[in-house]
Amino acid sequence: MAASNPIGIFDSGFGGLTIMKEIVQKLPKYDYIYLGDNARAPYGNRSFETVYHYTLECVEWFFKQGCPLVVLACNTASAKALRTIQQNDLERIGPGNRVLGVLRPTTEVIGNYTESRSIGILGTTGTVQSGSYEIEVHKFFPDIKVYQEACPMWVPLIENNEHHSKGADFFVKKHLENIIEKGPGIDTLLLACTHYPLMMDKIVEYAPIGTTVISQGEIVANSLGDYLRRHPEMEERLSKGSTKHFYTTDSPADFDQKASIFYGEEVNARHLDLNAGHKHPADVPPR
Ligand code: DGL
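1. Things to note about the site of the ligand
Then comes step 1: Inspection of the region around the ligand gives Asp11, Ser12, Pro42, Tyr43, Gly44, Cys74, Asn75, Thr76, Thr124, Cys193, Thr194 and His195 as its neighbouring residues.
Then comes step 2: Tyrosine 43 is positioned such that a nitrogen or oxygen atom in its backbone is 2.7 Å from an oxygen atom of the ligand.
Then comes step 3: Within the side chain of threonine 76, a nitrogen or oxygen atom sits 2.6 Å from an oxygen atom of the ligand.
Then comes step 4: The fraction of the free accessible surface of the ligand (300 Å²) that becomes covered by protein chains is 98%.
Then comes step 5: Its residues assigned to classes, the shell around the ligand shows 4 nonpolar, 7 polar and 1 charged.

2. Things to note about the sheet that holds strand β10 (residues 269-271)
Then comes step 1: Strand order in the open sheet formed by 6 strands is β4-β3-β1-β2-β9-β10, with parallel pairing between adjacent strands. Both edges of this open sheet fall to β4 (98-100) and β10, since each of them pairs with a single strand only. Across the sheet, the mean angle from the axis of one strand to that of its neighbour is 25 degrees, orientation sign disregarded.
Then comes step 2: The pairing of strand β1 (residues 7-11) with strand β2 (residues 32-36) spans 5 bridges and is parallel.

3. So, the side chain of glutamine 148
Then comes step 1: Mapped onto the elements, glutamine 148 comes out in strand β6 (residues 145-150).
Then comes step 2: Sequence-distant contacts of glutamine 148, defined by excluding residues within four places in its chain, comprise Ile121, Thr127, Val128, Gly131, Tyr133, Glu134, Ile179 and Lys182.

4. Overview of the sheet that holds strand β8 (residues 212-214)
Then comes step 1: The strand order across the open sheet built from 4 strands is β6-β5-β7-β8, with neighbouring strands paired in parallel fashion. Each edge of the sheet is formed by a strand with only one pairing partner; in this case those strands are β6 and β8. Across the sheet, the axes of successive neighbouring strands diverge by a mean angle of 20 degrees, strand direction being ignored.
Then comes step 2: Summarising the sheet, strand β5 (residues 118-123) and β6 pair through 6 bridges and their orientation is parallel. When the bridges of β6 are listed, isoleucine 119 appears paired with valine 146.
Then comes step 3: This element, helix α9 (residues 166-182), spans β5, β6 and β7 (188-191) of the sheet and lies at about 155 degrees to β6.

5. Quick notes on the packing of helix α2 (residues 48-64) against helix α4 (residues 82-93)
Then comes step 1: Two elements in contact, α2 and α4, have axes separated by 11 Å at closest approach and are oriented at 35 degrees. Crossing handedness for the pair α2 and α4: right-handed. Seen from α2, the contacting residues are Phe48, Tyr52, Thr55, Leu56, Val59, Glu60 and Phe63; seen from α4, they are Thr84, Ile85, Asp89, Leu90, Arg92 and Ile93.

6. Observations concerning α4
Then comes step 1: If you check α4, its first and last C-alpha atoms are just 14 Å apart, much less than what 12 residues at 1.5 Å a residue would give, namely 16 Å.
Then comes step 2: Residues of α4 that are buried include every one of Leu82, Thr84, Ile85, Asp89, Leu90 and Ile93, and no others. Across the axial projection of α4, the buried residues extend over an arc of 155 degrees, all falling on one side. Pointing more than 90 degrees away from the buried face of α4 are the exposed residues Gln87, Asn88 and Glu91.
Then comes step 3: The secondary structure elements touched by the buried residues of α4 are α2, β3 (69-72), α3 (75-80) and β4.

7. Things to note about the pairing of strand β9 (residues 244-248)
Then comes step 1: Counting buried positions along β9 yields 4 of 5 residues, so the element is predominantly enclosed.
Then comes step 2: Across 5 bridges, the pairing between β2 and β9 is parallel. Bridge pairing in β9 links tyrosine 32 to lysine 244.
Then comes step 3: As defined by bridge partners, β9 adjoins β10 across 3 bridges and the pair is classed as parallel. Its bridge partner being in β10, phenylalanine 246 is matched across the sheet by alanine 269.
Then comes step 4: After leaving β9, the chain enters helix α13 (residues 252-263) and then returns to the sheet as β10, a path that is right-handed.

8. Quick look at the environment of proline 232
Then comes step 1: Tracing the sequence through the fold places proline 232 in helix α12 (residues 232-235).
Then comes step 2: Overall, proline 232 belongs to the partly exposed group, its relative accessible area being 40%.
Then comes step 3: Note: C-alpha distance between proline 232 and leucine 274 (42 residues apart in sequence) is 32 Å.

9. Details of the environment of isoleucine 23
Then comes step 1: Examined against the element boundaries, isoleucine 23 turns out to sit in helix α1 (residues 16-26).
Then comes step 2: In this structure isoleucine 23 comes out as buried when scored by relative accessible area, which is 0%.
Then comes step 3: Taking the C-alpha atoms as reference points, isoleucine 23 and asparagine 222, 199 residues apart in sequence, are found 7.8 Å from one another.

10. Some thoughts on the confidence of the model for the protein chain
Then comes step 1: In the predicted model, the protein chain carries a mean pLDDT of 94, and the fraction of residues at 70 or more is 95%.
Then comes step 2: This model gives residues 278-287 a pLDDT under 50, and the stretch forms 23 contacts once residues within four places in sequence are excluded.

11. Looking at the pattern of salt bridges
Then comes step 1: Per the stated rule, a full pass over the model turns up 15 salt bridges.
Then comes step 2: Through salt bridges with shared partners, a single ionic network connects Lys29, Glu235 and Lys240.

Analysis parameters
Residues numbered from 1 in each chain as written. Predicted model: local features only at pLDDT ≥ 70, side-chain atom pairs only at ≥ 80, totals over all residues. Heavy atoms only, no water. Near = heavy atom within 4 Å. Polar contact = N/O pair within 3.5 Å; in protein donor to acceptor, adjacent residues only side chain to side chain. Areas by Shrake-Rupley, 256 points an atom, 1.4 Å probe, with all protein chains shown as cover. Nonpolar A, V, L, I, M, F, W, Y, C, P; charged D, E, K, R; others polar. Pairing = 2+ DSSP bridges. Helix = DSSP H or I, 4+ residues; strand = E, 2+ residues; numbered from the N terminus. Axes fitted to C-alpha atoms, helices over the stretch in contact; angles between N-to-C directions. Contact = heavy atoms within 4.5 Å. Left-handed = near helix turned anticlockwise from the far one by under 90°. Expected span 1.5 Å × (residues − 1). Buried < 20%, exposed > 50% of the residue type's maximum accessible area, 1.4 Å probe, protein only. Arc of directions from axis to C-beta. Right-handed = clockwise from strand over helix to strand, strands pointing away. pLDDT = per-residue confidence, 0-100. Salt bridge = Lys/Arg side-chain N within 4 Å of Asp/Glu carboxyl O.

Now the structure itself:
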């Protein structure tokens, strides 16, 4: 059974586990529910309407499980759906509840990393096309030049455990050359996708020497800790039993098999059927 008032962590699939890992390490006393919408992943190439619709459906499910606070650990969902959910839906679906994303925590500190004031954002096609990173960075640091590059092959390489293979080098090199060509002064690269930290070694290898390569997990975890300190009314609502429950909209067996690559330890997921009227999911075996 899920704990009464856990923190919800959402991703299109496995990738958000890289963020959850850091959050749990930093804030171990809370209860957590993770949901990966694997049946409809990847979100990276989907339209605004689709990502918004899918994300909203999952956020509603978290609220029905008793989560007062949901973190969209997915960059694509944060970039394309978060603002609309916060502005148009939150009051109706969960008054008093909160949904946070991964863009703001990262963009509000990115200016502390760059000296050249030129940064590169590496993300999915959806994240890049949304333009959300550029808008958010300029809210905090109007002087920073933002260059972006979509790397659509990186997620499938990682999900197929091919990211350490020679074949992966081609796609890593290609996208790093592209972004440096766009912005030759770039001194900081942000891995704006949940999966990319798993390829950190290769990305650093092909980035120009001296480039700072930033992944988001620790930044998001620190920002959440800070948020809870600043919002005691939310902190008090969260249950504190250190439990972790994992759900996937696809096969739990597949989820468990791949999840440890992202989470660093074994997980035991349950199946969630979103068509089952948002009831608390039963332990349905994989089909
Ligand atoms: N979780 C997504 C993100 O961070 C990557 C995987 C996908 O495309 O669904 O953008």
